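# Analysis of the macromolecular model
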Amino acid sequence: MRAAAPRAGYGGPVAHWWKNNLQFTGAALDWRYEGIINAYLNLYRATNDRRWLEKAARAGDDLIAGQFPSGSYPDSSFEQNPYTSGRPHEAAVDIGLCALAAVLRAEGDPRWQRYAQTVQHNLYDYLIPRLWDESARSLRDARHLPSFVPNKAATFCEAVFLLADLTGDAAGIARYALPTLDAILKFQVQTGDLAGAIYQNQLNGVRVARFMPYYAARVVPAMLYGYAHTGRAVYVDAALQALRFCYRWRDPDGAFVQMIYPNGRVNRYPRWVAGAADIVRAGDLLKPHGFDGDSARSLTWILDGQHPNGGVGTARGFGSQSSQQAPGDLPEFRDILPVCGWADKAFRYLTGLIPANATLPTLETPDRADIECSLHGRPARYHEDRTVIELWQRDTLLYRWNKGEPWAAICTSALLWK
Amino acid sequence: MVETLDTTLQPWQSPSLVIEHVCDLGAQTLYPLHARGLGIVASSADYARQFLSRFDGAAAVFPSRTWYDAGKQPYFPAECIQAPHDAPQVAGMIWAEPTPDTAAVWMRRIDGLLSPDGVLCVVVAGRLAARVPERGGTRAFGWRKTIQLLSEHQFEIQTAFTFHGLSSYTFALLNALWARAGRPDLADRAEFRMRAAFTRAVDWRRTVDLSRISTLGFIVAARK
């Protein structure tokens, strides 16, 4: 999935609940780097093999090389690319860089300072001057509009905590992270079926009553940093409530419901496969604090979504997004599409399960995957090898991405949907 | 990506969905030709910025209306602005969009600017185009006249699409109605149907085609 031009980095098509982006496939400096860097660091910790550390550093170098003079990152908007200023993506990038810098610093490797400076530049020269709302004491989602998205703000807080750990300067925690965490707390439902859920966002003072387990789980790490820094139990309680909400809305097969609305209405599909790893990881983070949810079923759900060549599918049920009828036997094209910004979540979680001093097994992994799937209710065939991702319907080629290219080579009208 | 372009754009809010569609399609169509030179004939600053950012700033920009003023748009890369009479030929051209007062003149200029085997992509305003802010209030030239003009200059249409037509508008309306009725779950489903119905491949040979009742159209043409 690595691209060389016009910018080095990890590319590929994107499928998401909000929008698809099958045409732009260039290297995107977005939240995929949070997972990719952390996953390589997990492998390094587990094996002591410096090859993994250097892969993490190469990813970090993508970000240093790509950063604009302003501090922003190019093509940082994931499903909305190609645009800059992606939220929470730029802060998520910073999380990855901070993790890399921390490992290097612990080893006395002076490179850590460049990665930390990149984060400092993004947070304090770009995001905060443009998005910090002093009157609301929280981070906006839109520059000129009163707006707040708790999960995005939590990602920002996480980056602020991690950078403070690196620099030893905790001023940003008191000024930005803790007030933002307190703002997030006000968005958590306290009672009823939705207890623990977190409102998706607020725009112009109006809260949007949509509740997504995935995004509730994304709030957990920041809350735990808040707890570690202050000792205030309210943060860890909020994190526990959020995860319990997620697990209450888990199906028997280990997958999590996509969206819950007031009065218990749901839009269940698509249910994340690779992305579910972020929820399970949050559960693991909370186990020392009393969370007792069983993650085994969800781990099986994620592993069942892995392709023979190692790629991890994005979801199940994209074809049911409009109807919300139970999906058929064949996954939809977007379900099996291995998207960098989702697969990184599984990569990070799974590598985190490898015990210390492990010797990784040598695997005979095929370099291609051919999977029967569907598109618009009709059978189709997904093909991937080292050079391309393709979608065929009978003898007609509907989609082709030549890996490394910034735009899909073929994207027929059947797939021109966002 | 050219940051100054994106900064002067509107980095904290997304462009219209229809603009994203036509600009991504334009970039995807012409990317294979980028090494041989690309050009953008733009009737508004937003069209120029959106396409230019997708070409990483590597395209010649020809303002077809007087939207460019170096003094007022200091962030627009002035080196990209070119005059048609002394610009080199390009292999791919975006024309977004023909306007009634300048279409004939620019068609002749494009004829000279585009290499003999070049590809021309034309963004065409549909009957529902007035609400697209990025068009800068441009008057629509229309499908029929655009096709006629291309034909007069020996261009053959290879494919054509429309965006946000009657069916997607219907689902957009349903989305708003369900939201107002307090059913965000059904509103979301209507939005997904709207997005699924957003793009239509059209038969440009038919004189009466309801799919042409749309917000914007996109034509890919090459010389016969």
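Within each chain, residues carry numbers counting from 1 in the order of the written sequence. Ligands are numbered from 1 and chains lettered from A, in the order in which they are written. It should be noted that, the model being predicted, local features are given only for residues of pLDDT at least 70 and side-chain atom pairs only at 80 or more, the latter also being counted only at that level, while totals for whole chains, interfaces and linings use all residues. In computing side-chain values, all of the structure's heavy atoms are included and hydrogens and water are not.

### Let's talk about the overall build of chain B
For clarity, the threshold we go by: In DSSP terms, a helix is any run of H or I states spanning at least four residues, a strand is any run of E spanning at least two, and both are numbered starting from the N terminus. For every residue, the accessible area obtained with a 1.4 Å probe (protein chains only) is divided by the maximum for its type, and the residue is called buried under 20%, exposed over 50%, and partly exposed between those limits. Any two residues whose heavy atoms approach within 4.5 Å at even a single point are treated as in contact.
Looking only at helices and strands, chain B has seven helices and seven strands in total. The secondary structure elements of chain B, listed N-terminal to C-terminal, are α-α-β-α-β-β-α-β-α-β-α-α-β-β. By residue count, 58% of the 224 residues in chain B fall in the buried class. Considering only contacts in chain B between residues 6 or more positions apart, those separated by 24 or more positions represent 75%.

### A short note on the environment of Ile157 of chain B
All names here are of chain B. Inspection of the secondary structure puts Ile157 in strand S5 (residues 155-163). In this structure the C-alpha to C-alpha distance between Ile157 and Ile147, which are ten residues apart in sequence, comes to 8.1 Å. For Ile157, the contacting residues outside a window of four places in its chain are Ile147, Leu150, Trp204, Ile219, Val220 and Ala221.

### Looking at the side chain of Arg218 of chain A
Residue and element names in this part refer to chain A. Formally: Distance and chemistry together define a polar contact, namely a pair of N or O atoms within 3.5 Å, with one atom able to donate a hydrogen and the other to accept it when in protein, and with adjacent residues in sequence counting only for side-chain atoms on both sides.
Its location among the elements puts Arg218 in helix H7 (residues 213-218). Of the polar contacts made by the side chain of Arg218, one reaches the side chain of Glu34; its length is 3.1 Å. Engagement of the side chain of Arg218 in a polar contact is seen with the side chain of Thr155, the distance being 3.5 Å. When neighbours within four sequence positions are excluded, Arg218 is seen to be in contact with Trp31, Glu34, Ala92, Asn151, Ala154, Thr155, Asp278 and Lys345.

### Concerning the environment of Arg111 of chain A
Residue and element names in this part refer to chain A. Examined against the element boundaries, Arg111 turns out to sit in the loop between helix H3 (89-106) and helix H4 (112-131). For the pair Arg111 and Ala101, spaced ten residues apart in the sequence, the C-alpha separation amounts to 7.5 Å. Beyond its immediate sequence surroundings of up to four residues, Arg111 is in contact with Arg50, Glu54, Ala57 and Leu104. At a separation of 2.9 Å, a polar atom in the side chain of Arg111 contacts the side chain of Asp109.

### Some details on the pairing of strand S1 (residues 38-42) of chain B
Residues and elements named next belong to chain B. Let me state the cut-off plainly: Any two strands with at least two DSSP-identified bridges between them are counted as paired.
Of all five residues that make up S1, five are buried, and the element is covered over most of its length. The alternating pattern of S1 places Leu38, Ile40 and Ala42 on one face and Gly39 and Val41 on the opposite face, and all of these are buried. Examined bridge by bridge, S1 and strand S3 (residues 90-96) share five bridges and lie parallel to one another. Bridge pairing in S3 places Ala42 opposite Ala96.

### A closer look at the packing of aromatic side chains
The relative placement of two aromatic rings is captured by the distance of their centres and the angle of their planes. Residues and elements named next belong to chain A. Note the cut-off: We call Phe, Tyr and Trp rings a pair once their centres come within 6.5 Å, taking the six-membered ring for Trp, and we label the pair stacked below 30 degrees between planes, edge-to-face above 60, and tilted otherwise. For a ring to carry a charge above it, either NZ of a lysine or CZ of an arginine must fall within 6 Å of the ring centroid while also lying within 35 degrees of the normal to the ring plane.
Under the defined criterion, the tally for this structure stands at 24 aromatic pairs over all chains. Geometrically, the ring pair formed by Tyr199 and Phe211 is edge-to-face, given 4.8 Å between the ring centres and 65° between the ring planes. Of the two residues, Tyr199 is situated in the loop between helix H6 (171-185) and strand S6 (201-203) and Phe211 in the loop between strand S7 (206-208) and H7; the sequence distance between them amounts to twelve residues. On the accessibility criterion, Phe211 (2% relative accessible area) is buried. Relative to Phe256, the ring of Tyr247 lies with its centre 5.4 Å away and its plane at 70°, an arrangement referred to as edge-to-face. Both residues of the pair, Tyr247 and Phe256, count as buried. Geometry around Trp52 places Arg51 over its ring, the cationic atom sitting 4.4 Å from the centre. Between the NZ or CZ atom of Arg207 and the centre of the ring of Tyr199, over which it lies, the distance is 5.4 Å.

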